[in-house]
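Residue-level structural notes
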Amino acid sequence: MPSNNKILLNEIFNLIIEYIDNLQQKDVVKYMPPENLKDEIDLSIGKKGADLTKLNEYVKKYLMYSVKTGNKQFYNQLYAGFNMPAFIGDIITSLTNTSMYTYEVAPVATLMEIELVKKMCGIVGFDSGEGTFVTGGSNANLMAMLCARNRKIKHAKDKGIYNEKNLTAFVSDQAHYSFEKAANLLGIGVNSVIKVKSDKNGVIMPSLLEKEIKQSLSRGENPFIAIATTGTTLLGAYDPIGEMSVIAKKYNLWLHADGSWGGSAVLSRNHKLLLQGLELADSFAWNPHKLMNIPLIDSVILFKEKGTMLKNFASGNTSYIFHEYDNSEYDLGPKSMQCGKRVDSLKLWLAWKMIGDEGYEKRINHLFKIAAYFENKIVDNKYFEIMAPRQSLNVCFRYIPKSAKNINTFNLKMRNELMKLGKSMINYGFIGNKLAIRFVVANPEVTTHDIDKLIINITEVATQLDD
Ligand SMILES: Cc1ncc(COP(=O)(O)O)c(C=O)c1O
């Protein structure tokens, strides 16, 4: 390697070390609106390449204005925290840059992916199952829906779904929007995703699920999939898989469980009851990039029945790449929707190897304790209102101002001001027409002290606005 590259690499590694060292000391974000941020960084790409010494400067700028999702005041999204072995895995993945389609170009990563999928199938009770790493929970949900569609309409893969009755899918009204995106991509239309009313806790009501299926049938439609969300995005609710599976069987529907957010609760003996009956599902979306703190993207789709992936995803004349795919279980490409596929197994494998089953179980248990601590603090605080009982790791609440007439506008302003200050980041959503601030915890390093600090930060902004 040229010596100037060695110097550069050393400098970049020093920046990385400094970033990690300061992760908790610095604000979670140095917020700047896009118009101003554009002026801070020379975003243009020129005809001539820049001097290599500039690279350092650009990386510094990037680090300075990026959100510190590893900071313990970051509660904005369903991922958070910093995981050293996984981070190292990610660097090594880039270093050894390869694609996951054939064993010959990704020998170790292939074996790791196979081992991880086997382990994950074992944990969820898909004893002779299979699976693959995908580009995110949305993609996992799409793949599950595609398999469900093809099981219902046997010629769908080869001939499409022309002249078929309208296919319908059933989710709770709290389910993730990726199912509508998937319906769009599968050619069945967004309106074919029927949203079943959930109860006040955000849990699907099975009796209404059955009612909606019957109504769909009476309209001459073709119901093909029911989806249980195991950890909803806003309320952290878990749909009852067991009850839904009885209905799915009765009407010959595929049952998919979307554990993109809350799926990792299966790693804890205390909390896996939330996913009771998971082994009855046909497929399961599990996102290690959320509750297992693996750097994005790290997502897996699992199928109960071996052979599902090859049957549904293998296509085309591929002799130039899969030279012996009919007999090679080690070439993962044909089972995937992708051609080039990043190595997402190494970072998870390294993290799980270092942390172990017990370590992950402890982390999940800790997160639930922290969420309960936050909930109690809010319940005991007369300025706040809990908006729905806590189901898992999400707590939806709002500040009740003395002065403001519109509570939604007040809470939105409060949340935005907090972000601009850069002290804490927390997101919001709507429960009916009420704006709810959504607390969610995914970073296992968060302590009760960090939660106290978050509540102080929120209260300070709120009382200033409420003056
Ligand atoms: C319940 C649920 N399903 C699916 C997704 C989509 O996952 P991804 O962001 O990995 O595409 C999310 C993301 O937050 C989610 O909460």
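Scope of this entry: the structure provided in the associated data block. (Residues numbered from 1 in each chain as written. Predicted model: local features only at pLDDT ≥ 70, side-chain atom pairs only at ≥ 80, totals over all residues. Heavy atoms only, no water.)

1. A short note on the overall build of the protein
Defined as follows: Put simply, DSSP marks the helices as runs of H or I at least four residues long and the strands as runs of E at least two long, and each gets a number from the N terminus on. We compute the radius of gyration over the C-alpha atoms and compare it with the globule rule, which gives 2.2 Å times the number of residues raised to the power 0.38. Only protein chains enter the area calculation, which uses a 1.4 Å probe; residues under 20% of their type maximum are buried, those over 50% are exposed, and those in between are partly exposed. Throughout, a contact is declared for two residues whenever any of their heavy atoms are within 4.5 Å. Only four residue types enter the charge count: Lys and Arg as positive, Asp and Glu as negative, with His and the chain ends excluded. In plain terms, the charge of a residue is placed at NZ if it is Lys, CZ if Arg, CG if Asp and CD if Glu.
Looking only at helices and strands, the protein has 15 helices and 12 strands in total. Taking 467 residues into account, the globule formula puts the C-alpha radius of gyration at 23 Å, and the protein, at 24 Å, falls close to it. Dimensions along the principal axes, computed over C-alpha positions, put the protein at roughly 65 × 60 × 45 Å. Burial status across the protein gives 51% buried among its 467 residues. Expressed as a percentage of contacts within the protein between residues at least 6 apart in sequence, the contacts between residues at least 24 apart total 73%. Computed over 56 positive and 49 negative side-chain charges, the inter-centroid distance for the protein is 3 Å.

2. Comments concerning the sheet that holds strand S5 (residues 222–229)
Adjacent strands of a sheet pair through backbone hydrogen bonds, lying either parallel or antiparallel. We apply this condition: Strands are labelled as partners when DSSP assigns at least two bridges between them. Orientation is described by axes fitted as lines to C-alpha atoms, over the contacting stretch for helices, and by angles from 0 to 180 degrees between their N-to-C directions.
Strands sit in the order S2-S8-S7-S6-S5-S3-S4 across an open sheet of 7 strands; the sheet is mixed. Only two strands of the sheet have a single neighbouring strand rather than two, namely strand S2 (130–134) and strand S4 (193–196). Mean inter-strand twist for the sheet, computed between neighbouring axes without regard to direction, equals 20°. Pairing analysis gives 4 bridges linking strand S6 (residues 254–259) to strand S7 (residues 283–286), with the strands arranged parallel. Looking at S7, one finds that Ala-257 is bridged to Phe-284. Running over the sheet, helix H8 (residues 178–185) touches strand S3 (167–172), S4, S5 and S6 and is turned about 160° from S4. Running at roughly 155° to S6, helix H10 (residues 241–250) makes contact with S5 and S6 of the sheet.

3. A look at the site of the ligand
Quick note on the threshold: Near is defined per residue: the residue qualifies when any heavy atom it owns lies within 4 Å of the molecule or strand. In the analysis that follows, any N or O atom pair within 3.5 Å is treated as a polar contact, provided that within protein one partner can donate a hydrogen and the other can accept it, and provided that, for residues neighboring in sequence, both atoms belong to side chains. Surface exposure here means Shrake-Rupley accessible area, sampled with a 1.4 Å probe, where a residue is shielded only by the protein chains that are shown.
Surrounding the ligand, one finds 15 residues, the nearest of these being Gly-137, Ser-138, Thr-233, Asp-258 and Lys-290. Asn-287 is positioned such that a nitrogen or oxygen atom in its side chain is 3.1 Å from an oxygen atom of the ligand. Interatomic distance of 3.1 Å between a side-chain N/O atom of Lys-290 and an oxygen atom of the ligand. Calculation on the ligand without its partners gives an accessible area of 390 Å², and the protein chains cover 85% of this total.

4. Quick notes on the layout of surface pockets
Applied cut-off: Here the term cavity refers to a set of points on a 1 Å grid, laid over the protein atoms alone, in which a 1.4 Å probe fits but cannot get out; the term pocket refers to an open set having protein on both sides within 12 Å along at least five of seven lines, with lining residues being those that place an atom within 4 Å of a point. Grid points are joined across faces, edges and corners, and a volume is the space filled by probe spheres set on the points. Note that Gly is not counted as nonpolar here; it falls among the polar residues with everything else outside the nonpolar set of Ala, Val, Leu, Ile, Met, Phe, Trp, Tyr, Cys and Pro and the charged set of Asp, Glu, Lys and Arg.
The volume enclosed by the largest pocket comes to roughly 920 Å³. When contributions to the lining of the largest pocket are tallied by element, the ones reaching two or more residues are helix H1 (3–21), helix H3 (53–65), helix H4 (84–95) and helix H11 (288–291). By residue number, the principal contributor to the lining of the largest pocket is H1, which donates 6 residues. In terms of residue class, the lining of the largest pocket is made up of 20 nonpolar, 8 polar and 3 charged. By volume, the second largest pocket amounts to about 570 Å³. Lining the second largest pocket are 28 residues, and of these Leu-78, His-176, Tyr-177, Thr-233 and Lys-290 sit closest to its centre. Of all elements in the fold, only helix H6 (137–152), H11 and strand S11 (425–431) reach the threshold of two or more residues within the lining of the second largest pocket.

5. Quick notes on the pattern of salt bridges
Put simply, the test is: Salt bridges are identified by distance alone: a Lys or Arg side-chain nitrogen within 4 Å of an Asp or Glu carboxyl oxygen.
Under the counting rule described, the total for this entry stands at 17 salt bridges. Among the ionic pairs, Lys-347 bridges to Asp-344, the shortest N-O distance being 3.8 Å. Judged by relative accessible area, Asp-344 falls into the buried class, the value being 7%. Several salt bridges converge on common partners, so that one network encompasses Asp-90, Arg-342, Asp-344 and Lys-347.

6. Points about the sheet that holds strand S9 (residues 384–386)
Pairing within the open sheet is mixed, and its 5 strands lie in the order S1-S11-S12-S10-S9. Each edge of the open sheet is held by one strand with a lone partner, namely strand S1 (74–75) and S9. Bridge count for S1 against S11 is 2 bridges, and the pairing is parallel. Paired with Tyr-75 across the two strands is Ile-426, which belongs to S11. Along the sheet face, helix H13 (residues 345–379) touches S9, strand S10 (394–399) and strand S12 (434–440) and points at about 20° away from the line of S10.

7. Quick word on helix H9 (residues 206–218)
Heads up, the rule is: The span one expects for a helix is its residue count, reduced by one, times 1.5 Å.
For H9, built from 13 residues, the straight-helix expectation of 18 Å at 1.5 Å per residue is met to within 8% by its first-to-last C-alpha distance of 18 Å. In the core, the buried residues of H9 are packed alongside S3, S4, S5 and H10. Where H9 terminates, the next one or two residues include Gly-220, which has phi positive at roughly 85°.

8. Quick notes on the nonpolar core
What counts here: By nonpolar core is meant a set of buried Ala, Val, Leu, Ile, Met, Phe, Trp, Tyr and Cys residues that side-chain atoms within 4.5 Å join together.
By size, the foremost hydrophobic cluster in this structure holds 81 residues, and its most contacted members are Trp-286, Leu-302 and Phe-439. One finds Leu-142, Cys-147, Phe-179 and Ile-227 within the second-largest nonpolar core, a separate group that totals 30 residues.

9. Remarks on the pairing of strand S8 (residues 299–303)
Burial analysis of S8 places 5 of its 5 residues in the buried class, the great majority of the element. Judged by which residues are buried, S8 turns out to be covered on both faces: Ser-299, Ile-301 and Phe-303 on one side and Val-300 and Leu-302 on the other are all buried. Inspection of the sheet shows S2 paired to S8 by 5 bridges, in the antiparallel sense. Bridge assignment links Val-134 to a residue of S8, and that residue is Ser-299. Across 4 bridges, the pairing between S7 and S8 is antiparallel. The partner of Phe-284 across the bridge, within S8, is Leu-302.

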